[in-house]
Amino acid sequence: MPTISSPAQDLQDLAAFWSLGEVRAPEVVDAACDALLAGLDSPALRRLAACTRAEADYDAPELLPTALSELGLTFYPRGSDAGREAVAHSLLRRMLAGEMTPQELAFRIHQQFGHDLLLTERIAAFHDEYDILEYGDKTEEEVDAEVLAEAHRLTEQSRT
């Protein structure tokens, strides 16, 4: 299934993952290059895309927030709750676009946030259900359907 994202959404998602330390500065530079090639443009985005890998660790923390602001996108400070929720929404969109299975989503959410992020606590709990399939009364398909339904609910909730 094709991805439903846009170049701006891809850059926004990458920035959220960066804010949680999941993406390194050279990947931010690569994403800036991809964004330029996809048609996004701003002075700071061009400067970010021009960084060498050696400069990335030093320049990305300053240039990324500026580039996002110039593009009308949101910068999430490192470790912020808003950044954590943005990462969760990115993972939900990826699963709904077919880029990962419901079980992979539950694993990633549980691994990333445990049961501490209220937004995705139910998805994290589904990871536990996958772990006890052989002892429980649900099938993998039933848990998959519940994860999918919760992902749709959370996505719809975020739109309203």
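Definitions and limits used
- Residues numbered from 1 in each chain as written.
- Predicted model: local features only at pLDDT ≥ 70, side-chain atom pairs only at ≥ 80, totals over all residues.
- Heavy atoms only, no water.
- Core = buried A, V, L, I, M, F, W, Y, C linked by side-chain atoms within 4.5 Å.
- Buried < 20%, exposed > 50% of the residue type's maximum accessible area, 1.4 Å probe, protein only.
- Contact = heavy atoms within 4.5 Å.
- Disulfide = S-S within 2.5 Å.
- Helix = DSSP H or I, 4+ residues; strand = E, 2+ residues; numbered from the N terminus.
- pLDDT = per-residue confidence, 0-100.
- Phe/Tyr/Trp six-rings, centres within 6.5 Å; stacked < 30°, edge-to-face > 60°.
- Lys NZ or Arg CZ within 6 Å of the ring centre and 35° of its normal.
- Patch = residues over 30% accessible without salt bridge, like charges linked within 9 Å, V, L, I, M, F, W, Y side chains within 5 Å.
- Areas by Shrake-Rupley, 256 points an atom, 1.4 Å probe, with all protein chains shown as cover.
- Salt bridge = Lys/Arg side-chain N within 4 Å of Asp/Glu carboxyl O.
- Lys, Arg positive; Asp, Glu negative; His and termini not counted.
- Charge placed at Lys NZ, Arg CZ, Asp CG, Glu CD.
- Axes fitted to C-alpha atoms, helices over the stretch in contact; angles between N-to-C directions.
- Parallel < 35°, antiparallel > 145°, perpendicular 65-115°, else oblique.
- Left-handed = near helix turned anticlockwise from the far one by under 90°.
- Nonpolar A, V, L, I, M, F, W, Y, C, P; charged D, E, K, R; others polar.

Trainee: Just to check I follow, could you spell out the nonpolar core for this structure?
Mentor: The nonpolar side chains of soluble globular proteins are, as a tendency, buried together. The biggest cluster of nonpolar side chains holds 48 residues, and the ones touching the most others in it are Leu11, Val28, Leu48, Leu105, Ile109, Ile123 and Val147. Not counting residues up to four positions away in its chain, the partners in contact with Val28 are Leu14, Trp18, Val23, Leu48, Ala60 and Leu64.

Trainee: Got a minute to help me understand the state of the cysteines in this structure?
Mentor: Joining two cysteines, a disulfide is a covalent bond between their sulfur atoms. This model, assessed by the stated rule, comprises 0 disulfides. For Cys51, which is in no disulfide, the shortest distance to another cysteine sulfur is to Cys33 and amounts to 9.1 Å.

Trainee: Just to check I follow, could you spell out the environment of Gln111 for this structure?
Mentor: Tracing the sequence through the fold places Gln111 in helix H6 (residues 102–113). Under the relative-accessibility criterion, Gln111 is labelled exposed at 56%. Sequence separation of Gln111 and Ala124 is 13 residues, and the distance between their C-alpha atoms is 8.2 Å.

Trainee: Whenever I open this one, the confidence of the model for the chain confuses me. Can you help?
Mentor: Keep in mind that low pLDDT regions are not for reading the predicted coordinates in detail. Residues with a pLDDT of 70 or more make up 97% of the chain, whose mean pLDDT is 93. Taken element by element, the chain is modelled with least confidence in helix H8 (residues 140–159), mean pLDDT 93, and with most confidence in helix H3 (residues 43–49), mean pLDDT 97.

Trainee: Quick question: what am I supposed to make of the packing of aromatic side chains here?
Mentor: In this description, an aromatic ring pair is defined by two values, namely the gap between the centres and the angle between the planes. Applying the stated criterion across every chain yields a total of 1 aromatic pair. Between the aromatic rings of Trp18 and Phe75, the centroid separation amounts to 6.4 Å while the plane-to-plane angle is 50°, which identifies the pairing as tilted. Of the two residues, Trp18 sits in helix H1 (residues 7–19) while Phe75 sits in the loop between helix H4 (53–70) and helix H5 (81–96), which places them 57 residues apart along the sequence. By relative accessible area, which is 28% here, Phe75 ends up partly exposed. The ring of Trp18 is capped by Arg78, whose NZ or CZ atom sits 3.8 Å from the centre of that ring.

Trainee: Which parts of the structure should I look at to understand a negative patch on the surface?
Mentor: On the surface, a cluster of negative charge is made up of Asp137, Glu140, Glu141 and Glu142. Mapped onto the elements of the fold, Glu142 is located in helix H8. Take Glu142: its relative accessible area is 39%, and that puts it in the partly exposed class.

Trainee: Explanation requested: the packing of H1 against H5 in the structure shown.
Mentor: Between two packed helices, the angle of one axis relative to the other and the distance separating the axes together describe the packing. For the pair H1 and H5, the least separation of the axes is 8 Å and the interaxial angle reads 130°. Considering the angle they form, H1 stands oblique to H5. In the crossing of H1 with H5, the sense of the turn from one axis to the other is left-handed. Where H1 approaches H5, its residues Gln9, Asp13, Ala16, Phe17 and Ser19 are matched on the opposing element by Gly83, Ala86, Val87, Ser90, Leu91, Arg93 and Arg94. Among the residues making up the contact of H1 with H5, the classes are represented as 5 nonpolar, 4 polar and 3 charged.

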